[in-house]
Amino acid sequence: MPALEVRNVTKRFGKLVAVDGASFAVEPGRITGFIGPNGAGKTTTMRIAATLELPDEGDVLLDGVSVLDDPRAVRRKLGFMPDAYGAYSSTTLWEYLDFYARAYDLAGSVRRRRVEEVLEFTSLSPLREKEMASLSKGLKQRLCLAKTLLHDPSVLILDEPAAGLDPRARVELRELVRALAGMGKAILVSSHILTELAEMCDGIAVIEAGKIKATGSVESITRGLQLAVPIYVRVLEDADRLERALLELPGVERARREGEGVVFDHAGSPESLSTILAGLLTAGLHPIEFTPRAMGLEEVFLSLTEGKMQ
Amino acid sequence: MSATSDRWNPILLKEVRQALRGKMFAFLFPATVLVGVGLAIAVLIDSYPRSNMGPQVFLPVILVLGIAALGLVPFSSFQSMGAEWDEGTHDLLVLSHLSPTRIVLGKLLTASVESGLYFAAFLPILLFTFLLNGVALQDVLFLVGMLYCASLSMSAIAMSLAGLTRVRFLRVVLLAVLAGIGFLALLGGYELAEQFVLRGRGLGSSFSADAVLAVTTLVFGPGILAFAFAATRIAHPEDDRSGPVRIACTAVLVMTLAGLSWGVLRSGSGMPTYIVAVVVGVLASIFAVFFVTEPERLPRRCAHRIPTNAIRALLLTPFLPGGGRGVIWWFLQLVIVAIWASALESVYPMTISFRDPWSPETFGRWCAFMAYFVVYLAGFSLALAPLCKRSYGPLAARIILPSVAVLSMVLPMFLGFLFDEPRWQHGHHPLSPFDIIDGDGRSGVRIMALLVAFLVLLANAPRLARSVQEVLAASRARRAVLTRIGIEAPRAV
């Protein structure tokens, strides 16, 4: 059973359809990147999953519990980190976490131990007596993540956690999220920084204009879309001759020089790739490198979306 | 503190910690105490060596305390509530295990602590005035106690106002409204204190009993309502945002009626019960405007909290959201008022200042008067029900409905001026319910009003039936779900 299952969710704000029949699932121990252009419906979907909005149609299940049937039970299983996290003035880190631990009904030694654990996990222990107002954005994000973990939720929904962070803070956050997935938590994370997500996520869900365009691993989506995969070829002979030979072969699209070799796009089957290699040999060329390149998240995203906004 | 405070409201702890570290309280508290002490010393020096200096010192000091209790403390509550929207912590709070009621209660407890600190600082000075002669100790304690309660009530009002909107500009307007209410409360409180300590009308006098009754109602009634309203403002739109306010309204109604009974029985004379009953009924009708204009359907998250027992679900029906159930709630209030009036009248018949209140003539008069409210509330809310389904509908209906009622009374008066009809100019026209009470020989209009009200009730019958059926269906559905997942066995009803 998926830890988080979005089932055919539709949400309208007046005439605007913010989310249109969205469906996807997140498995325990996996990180799913939720990507889409601005205004695509990411935050609305996440807020519905977090019980903060109600879907007009469809449902979201957390460990099989519906956000409609039992939002309180869902909240016990869920950790939600909104894009605009809340901070209290004149409050130290420890007081902030202690307050939320109390708000989650943690009591006595359990509460104190849990606050220490999340401070330790997010490496904020040395700053426990610091006021929140004096923290950098990166530290505040970490604190918000610590707060999200207080009640040990099995599902985490992180809305743009890396927004506005410097490269070091991003790497640290990525490591934290990876460690959480390693603990078996299902994580849905949205971000505009696709390279960041590519390094972090086991799978993605792409949304545009409220509709889910694709879900799964980047590789499976690439295969499913039959996107042209760039293939790098290097031969013992001259690269110009290689380029000409490639362009004459069936199934080769857009060959261009790159360093000592040539890159061409191939959208066909493995058989047609083998035919191309055989064609090069027939043409008297001696390949020393013939490498399909992995499709990047950015390429997949750009192929799937048209930049539509609502 | 951390180890022994597990049962404390988390909001109270957090806000006390914030206040202790914050600059506002750290500056305002000593400044206010200094002003109070300084004023007391100045008045003392100025009044010396009079024999009864108590009132001269007491009044300015309680005025300063009043400014703190009715101004500074509610302002702090207003800011605290508004900050939840501004600082983006509202969502995080909603996702925690804290219920809206606990959140608002926590903020109210914070106000009580803050207010308590002011009172602790001022009480020695106020008690000292007793030693200066001229002020009775019980009066000091009563006035201080009432001021403390008024401070909490004002804080609840402040929170409900702050919860009205997330728009900062509008909140500034609401802050001005709060300041206006605080100012009026301060003036009223000061006048009461003056009556008690300067005019010798303190506890034990005939004035004080009525004053206690009026002040208690004015302090606790709005406070209870504001508390319930503030809690609903924090709740999710699809949660029950109506029930707590309905329950609070009914509680205030019962409290008011109890107070009135005590006042009537104590004084031995007074207004006829009928008049009081109708005034209270009209007040309940004003609150009912908010409930009868709610969307008809039960909010989705509310349906899951309806009792599985059908009888309990039925009893809860008037207190559940929905326009039809709002009409039922209103009827319930009228029934409570009618029972109260009948009971009081049977125990203590008050025929002194009113001609035979039980005569069919008088009874018919009041029934016809209330018939107008049936038309306004049940009739117009039924007509506006389709509008109330839309997001802006309830607000629009809440403007339209009273406007129609007022216009129907005022417009004929203008027509009276236009067509030179003196009776209409003075409000004596068939659309005015007050003419029914005042005027003699209006039996035709009365019968017409009753007939129209009867037709409105007939038209409302399907709506009311649907609203009850919806509750019973939700109760059955919940019972089925709980049985399916094995939480609760079905109960025989």
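A short tour of the structure in this document, coming up. Model, not experiment: these values are computed from the prediction.

**Quick look at the side chain of Arg246(B)**
Residues and elements named next belong to chain B.
Then comes step 1: By secondary structure assignment, the location of Arg246 is in helix 9 (residues 243-267).
Then comes step 2: For Arg246, a relative accessible area of 0% gives the class buried.
Then comes step 3: Of the polar contacts made by the side chain of Arg246, one reaches the backbone oxygen of Gly322; its length is 3.1 Å.

**Re unusual backbone geometry**
All names here are of chain A.
Then comes step 1: A positive phi angle is found at Asn8, which is not glycine, with a value near 50°.
Then comes step 2: Within the secondary structure layout, Asn8 lies in strand 1 (residues 4-13).
Then comes step 3: Look at Thr51: it is not a glycine, yet its phi comes out positive at around 70°.
Then comes step 4: Here Thr51 lies in the loop between helix 1 (42-49) and strand 4 (57-62).

**Here we look at the interface of chain A and chain B**
Then comes step 1: Each partner contributes to the interface: chain A provides 42 residues, whereas chain B provides 31 residues.
Then comes step 2: Here chain A and chain B share an interface that buries about 3,300 Å² over both sides, 51% of which is from carbon and sulfur atoms.
Then comes step 3: A per-residue breakdown of the area chain A buries against chain B is headed by Leu54(A), Tyr88(A) and Arg102(A), which together make up 19% of the total.
Then comes step 4: For the interface between chain A and chain B, the tally reads 5 salt bridges.

**Here's the deal with the packing of helix 2 (residues 23-47) of chain B against helix 5 (residues 100-131) of chain B**
Residue and element names in this part refer to chain B.
Then comes step 1: At their nearest, the axes of helix 2 and helix 5 sit 11 Å apart, and the two run at 10° to each other. When the axes of helix 2 and helix 5 are compared, the pair comes out roughly parallel. When you trace helix 2 past helix 5, the crossing you get is right-handed. Between helix 2, through Phe25, Leu28, Phe29, Thr32, Val33, Gly36, Val37, Ala40 and Leu44, and helix 5, the contact on the second element is made entirely by Glu114, Leu117, Tyr118, Ala121, Phe122, Ile125 and Phe128.
Then comes step 2: Class assignment for the residues of the contact of helix 2 with helix 5 results in 13 nonpolar, 2 polar and 1 charged.

**Looking at the sheet that holds strand 13 (residues 261-266) of chain A**
Residues and elements named next belong to chain A.
Then comes step 1: If you walk across this open sheet you meet the 4 strands as 12-13-11-14, and the pairing is antiparallel. Each edge of the open sheet is held by one strand with a lone partner, namely strand 12 (253-258) and strand 14 (287-292). Each adjacent strand pair in this sheet contributes to an overall mean axis angle of 20°, direction not counted.
Then comes step 2: With respect to the sheet, helix 9 (residues 239-248) is in contact with strand 11 (229-235), strand 12 and strand 13, its orientation differing from that of strand 12 by roughly 175°.

**Considerations on helix 10 (residues 270-282) of chain A**
Since there are 3.6 residues in each turn of an α-helix, residues three or four apart along the chain are aligned in direction.
Residue and element names in this part refer to chain A.
Then comes step 1: An ideal rise of 1.5 Å per residue puts 18 Å on 13 residues; helix 10 measures up with 18 Å between its terminal C-alpha atoms.
Then comes step 2: Of the surrounding elements, those touching the buried residues of helix 10 are strand 11, helix 9, strand 13 and strand 14.
Then comes step 3: Remark: Gly284 follows helix 10 within two positions and exhibits a positive phi of approximately 85°.

**A few points about the layout of surface pockets**
Then comes step 1: Taken as a whole, the second largest pocket holds about 980 Å³ of empty space.
Then comes step 2: As for the second largest pocket, its lining consists of 38 residues, of which Asp69(A), Asp70(A), Pro71(A), Arg72(A) and Arg305(B) are closest to the centre.
Then comes step 3: In terms of residue count, helix 17 (residues 443-484) of chain B provides more of the lining of the second largest pocket than any other element does, 6 residues in total.
Then comes step 4: A class-by-class count of the residues in the lining of the second largest pocket yields 17 nonpolar, 9 polar and 12 charged.

The rules behind the values
- Residues numbered from 1 in each chain as written.
- Chains lettered and ligands numbered in written order.
- Predicted model: local features only at pLDDT ≥ 70, side-chain atom pairs only at ≥ 80, totals over all residues.
- Heavy atoms only, no water.
- Helix = DSSP H or I, 4+ residues; strand = E, 2+ residues; numbered from the N terminus.
- Buried < 20%, exposed > 50% of the residue type's maximum accessible area, 1.4 Å probe, protein only.
- Polar contact = N/O pair within 3.5 Å; in protein donor to acceptor, adjacent residues only side chain to side chain.
- Contact = heavy atoms within 4.5 Å.
- Buried area = accessible area lost by both parts, 1.4 Å probe.
- Salt bridge = Lys/Arg side-chain N within 4 Å of Asp/Glu carboxyl O.
- Axes fitted to C-alpha atoms, helices over the stretch in contact; angles between N-to-C directions.
- Parallel < 35°, antiparallel > 145°, perpendicular 65-115°, else oblique.
- Left-handed = near helix turned anticlockwise from the far one by under 90°.
- Nonpolar A, V, L, I, M, F, W, Y, C, P; charged D, E, K, R; others polar.
- Pairing = 2+ DSSP bridges.
- Expected span 1.5 Å × (residues − 1).
- 1 Å grid on protein atoms, 1.4 Å probe; cavity = no way out; pocket = protein on both sides within 12 Å on 5 of 7 lines; lining within 4 Å.
- Points joined across faces, edges and corners; volume = space filled by probe spheres on them.

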